[in-house]
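If you want the building blocks of each chain, they are given just below.
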Amino acid sequence: MIPRERHHRKDPAHRIDESRYRRFSVENQAFVTVGMQDTGKKGILHFTEKMFANMMANIYSDVPGNSRLDYAADLGANALNLILGSYGFPNSRFLAWNPLFVPEPLRHRKWEAGAGDMTRIVKAQARLYGADLVGVARLDSKWVYAEDLEKPFVFENADDPSEERDRFVIPASVQTAIVIAVAMNQELIEASPAAASSTAASLGYSRMAISAVSLAEFIRSLGYTAIPCMNDTALSIPLAIDAGLGELGRHGLLITPEFGSNVRLCKVLTNMPLLADSPVDFGIARFCRNCLACVDHCPSKSISAGEPSFEVACANNNPGVEKWTIDAEACLRFWQENGHSCANCIAVCPFTAGFDFTHCLECVDCDSEGCGLQEISYLRKKHGYPTRSNDDDSDALVSPLSRRGL
Ligand code: SF4
Ligand code: SF4
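Criteria and cut-off values
Residues numbered from 1 in each chain as written. Chains lettered and ligands numbered in written order. Predicted model: local features only at pLDDT ≥ 70, side-chain atom pairs only at ≥ 80, totals over all residues. Heavy atoms only, no water. Helix = DSSP H or I, 4+ residues; strand = E, 2+ residues; numbered from the N terminus. Contact = heavy atoms within 4.5 Å. Areas by Shrake-Rupley, 256 points an atom, 1.4 Å probe, with all protein chains shown as cover. Core = buried A, V, L, I, M, F, W, Y, C linked by side-chain atoms within 4.5 Å. Buried < 20%, exposed > 50% of the residue type's maximum accessible area, 1.4 Å probe, protein only. Salt bridge = Lys/Arg side-chain N within 4 Å of Asp/Glu carboxyl O. Patch = residues over 30% accessible without salt bridge, like charges linked within 9 Å, V, L, I, M, F, W, Y side chains within 5 Å. Phe/Tyr/Trp six-rings, centres within 6.5 Å; stacked < 30°, edge-to-face > 60°. Axes fitted to C-alpha atoms, helices over the stretch in contact; angles between N-to-C directions. Left-handed = near helix turned anticlockwise from the far one by under 90°. Nonpolar A, V, L, I, M, F, W, Y, C, P; charged D, E, K, R; others polar. Pairing = 2+ DSSP bridges. Near = heavy atom within 4 Å.

Peer 1: Sorry if this is basic, but what is going on with the overall build of the chain here?
Peer 2: Secondary structure summary: the chain contains 15 helices and nine strands in total. When contacts within the chain are restricted to residue pairs at least 6 apart in sequence, long-range pairs at least 24 apart make up 75% of them. Carbon and sulfur atoms make up 54% of the accessible area of the chain, which amounts to about 17,600 Å² in all.

Peer 1: Looking at this structure, how should I read the nonpolar core?
Peer 2: Across soluble globular proteins, nonpolar side chains show a tendency to be buried alongside one another. Leu-139, Val-179, Leu-239, Leu-245 and Leu-269 are the most contacted members of the largest nonpolar core, which totals 36 residues. Mapped onto this core, the elements with two or more residues apiece are β1 (133-138), β4 (168-171), β5 (176-183), β6 (226-229), α8 (236-242) and β9 (263-270). Per-element tally for this core: the top contributor is β5, with four residues. When residues no more than four places from it in sequence are discounted, the contact partners of Leu-269 are Leu-139, Val-174, Thr-176, Ala-177, Thr-225, Ala-226, Ile-227, Cys-229 and Thr-233. Core analysis: the next-biggest nonpolar cluster, separate from the first, contains 28 residues, Leu-215, Leu-222, Val-268 and Met-272 among them.

Peer 1: Sorry if this is basic, but what is going on with the pattern of salt bridges here?
Peer 2: Pairing of side chains with opposite charge becomes possible as their charged atoms draw close. Counting across every chain of the model gives 18 salt bridges. The partner of Asp-38 in a salt bridge is Lys-50, and the shortest N-O contact between them spans 3.4 Å. Taken together, the residues Asp-38 in helix α1 (residues 30-39) and Lys-50 in helix α2 (residues 48-61) connect sequence positions 12 residues apart. We classify Asp-38 as partly exposed; its relative accessible area is 26%.

Peer 1: It is not clear to me how a nonpolar patch on the surface should be interpreted in this structure. Could you clarify?
Peer 2: A surface patch of nonpolar side chains, about 460 Å² in accessible area, is lined by Leu-80, Ile-83, Phe-94, Phe-101 and Ile-210. On the accessibility criterion, Phe-101 (65% relative accessible area) is exposed.

Peer 1: Help me understand the packing of aromatic side chains, please; the structure alone is not making it clear to me.
Peer 2: Two aromatic rings, taken as a pair, are described by how far apart their centres are and by the angle between their planes. According to the stated counting rule, one finds 11 aromatic pairs in the structure shown. With 5.9 Å between their ring centres and 90 degrees between their planes, Tyr-21 and Trp-143 make a pair best called edge-to-face. Taken together, the positions of Tyr-21 in the segment before α1 and Trp-143 in the loop between β1 and β2 (153-156) put the pair 122 residues apart, joining distant regions of the chain. For Tyr-21, a relative accessible area of 12% puts it in the buried group. A residue is classified by how much of its surface remains accessible, and Trp-143, at 2% relative accessible area, is buried.

Peer 1: Would you mind showing me how to read the packing of α1 against helix α11 (residues 328-338) here?
Peer 2: It is at 9 Å that the axes of α1 and α11 come closest, and there the two elements cross at 65 degrees. Like other packed secondary-structure pairs, α1 and α11 cross with a definite hand, here right-handed. In contact with Ala-30, Phe-31, Thr-33, Val-34, Gln-37 and Asp-38 of α1, α11 contributes Ala-328, Glu-329, Leu-332, Arg-333, Trp-335 and Gln-336. Grouping the constituent residues of the contact of α1 with α11 by class yields six nonpolar, three polar and three charged.

Peer 1: I tried to follow the sheet that holds strand β3 (residues 162-163) on my own but got confused; where do I start?
Peer 2: Hydrogen bonding along the main chain pairs the strands of a sheet, whether they run parallel or antiparallel. Strand order across the open sheet formed by three strands is β2-β4-β3, with mixed pairing between neighbours. The sheet is open, and its two borders are formed by β2 and β3, each paired with just one other strand. Both β2 and β4 contribute to a ladder of four bridges, which runs parallel. When the bridges of β4 are listed, Phe-153 appears paired with Phe-168.

Peer 1: Hey, could you run me through the site of ligand 2 in this one?
Peer 2: Inspection of the region around ligand 2 gives Arg-250, His-251, Ile-255, Phe-287, Cys-288, Cys-291, Ala-293, Cys-294, Cys-349, Pro-350 and Phe-351 as its neighbouring residues. Sorting the residues of the shell around ligand 2 by element identifies α9 (284-290), α10 (293-297) and α13 (350-353) as the ones contributing at least two each. Its residues assigned to classes, the shell around ligand 2 shows nine nonpolar, one polar and one charged.

Peer 1: Which parts of the structure should I look at to understand the site of ligand 1?
Peer 2: Taken together, Cys-298, Pro-299, Ser-300, Ile-303, Cys-331, Trp-335, Cys-342, Asn-344 and Cys-345 make up the full set of residues near ligand 1. Residue assignment for the shell around ligand 1 shows that the elements contributing at least two residues are α11 and α12 (344-348). Residues of the shell around ligand 1, tallied by class, amount to seven nonpolar, two polar and no charged.

Peer 1: Looking at this model, I keep getting lost on unusual backbone geometry. Mind explaining?
Peer 2: Of all residues except glycine, most have a negative phi; of all peptide bonds, most are trans. Along the chain, Ser-192 connects to Pro-193 via a cis peptide bond; the corresponding omega equals 15 degrees. If you trace the backbone, Pro-193 turns up in the loop between α6 (186-189) and α7 (195-221). Even without being a glycine, Thr-233 presents a positive backbone phi close to 70 degrees. Looking at the element boundaries, Thr-233 is found in the loop between β6 and α8. In the Ramachandran plot, Lys-301 falls in the positive-phi region, its phi being about 55 degrees despite a non-glycine side chain. Residue Lys-301 is classed as exposed on the basis of its relative accessible area of 61%.

Peer 1: Before we go on, may I ask you to explain the sheet that holds β9 in this structure?
Peer 2: The strand order β1-β5-β9-β6 describes an open sheet built from four strands, whose pairing is antiparallel. Only two strands of the sheet have a single partner each, and these edge strands are β1 and β6. Taking the axes of each pair of neighbouring strands and ignoring which way they run, one obtains an average angle of 20 degrees across the sheet. Strand direction decides the pairing type here: β1 and β5, joined by six bridges, are antiparallel. Counterpart to Leu-133 in the pairing with β5 is Ala-181.

Peer 1: Help me out: how do you make sense of the packing of α2 against α11 in this one?
Peer 2: Relative orientation and spacing of two packed helices are given, respectively, by the angle between their axes and the distance between those axes. For the pair α2 and α11, interaxial distance at closest approach is 6 Å and the crossing angle is 35 degrees. Counted together, Lys-50, Met-51, Asn-54 and Asn-58 of α2 and Arg-333, Trp-335, Gln-336, Glu-337 and Asn-338 of α11 form the full contact between these two elements. Its residues assigned to classes, the contact of α2 with α11 shows two nonpolar, four polar and three charged.

Okay, here's the thing in structure tokens:
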């Protein structure tokens, strides 16, 4: 990760209208609302019925980019995701909220170390388990889902997390989120809307499942509580912003300095006393105001060309948070039509291909409209964003990292 210290935000990372904000419910996710419209059944994966029907149509018609071989690659990439956690059903399979294989004597005997050492070691372990980026946030309960499909998430004074008949119990001592980003394969993502981009996403899910499950078990082996989460239990993007991994883009996704939006996110909630990172500002809000590449390339017209707003675009947005809102149902309808997921907005975002950060990191305090980089974004948005070398004498940061993912 590039050093974050120079880019700590001075203003709040989220603008929230407390009078309107309410914790988001899983049943308001587009996956659920679209599935309900299609089948009359409540569930996260019912929307896939139409998508899979179009997948078969693509295969039978041998549509270029959506052949049987292309889908086979996707199904293979998705296998560990489905085995370990199925995109995230809370407290399910290997995403169990309590230790999987930790010997009993270790479960309640806490490893003692200073918070700085603990944080350093936990982050290093996360990287070992596959994290490309890792940050720590104070767990803001605003970002914890109000309820899963059947029952609420509640904080209680409890020793261990548990799933009761009528609620999921998160111990009140769980006040920290470790947020992990795994980078996706850039070349596959850039094939969107062909099936190869879905393979990149599926592999990202499988890798994030391994990372979250492994890190949670590591922490539980040290005597602390750890709740591994994929898409479940809490909203990953605001937690990732709080953990300093990146900023929110116009397309509703996290943009990181290292990999742009080409990441998948998971998190581990814990009572381990870790040092929190700070949110960053590397100019995304200003950049997105002038770059509309994702708007232009969204086949479902789901991305707003307007200003960030407290207004919701549809029932799938949580109210009371200022942001660019996404018409998530329209997006998902395109996935169904496409026969698999879409990643156009990730593929065309200039931060996915990357460039050196000479400009966008250095011009945080710049007030001029239409800076050089933004002009470049207009000119090149149809043609990609090759990496440029840092050819001046400044001490500007240049990302030395691979942007490719696995
Ligand atoms: S995933 Fe595709 S359809 Fe959905 S918002 Fe992004 S570009 Fe639009
Ligand atoms: S494509 Fe442009 S407007 Fe869209 S998220 Fe990326 S930088 Fe922002």
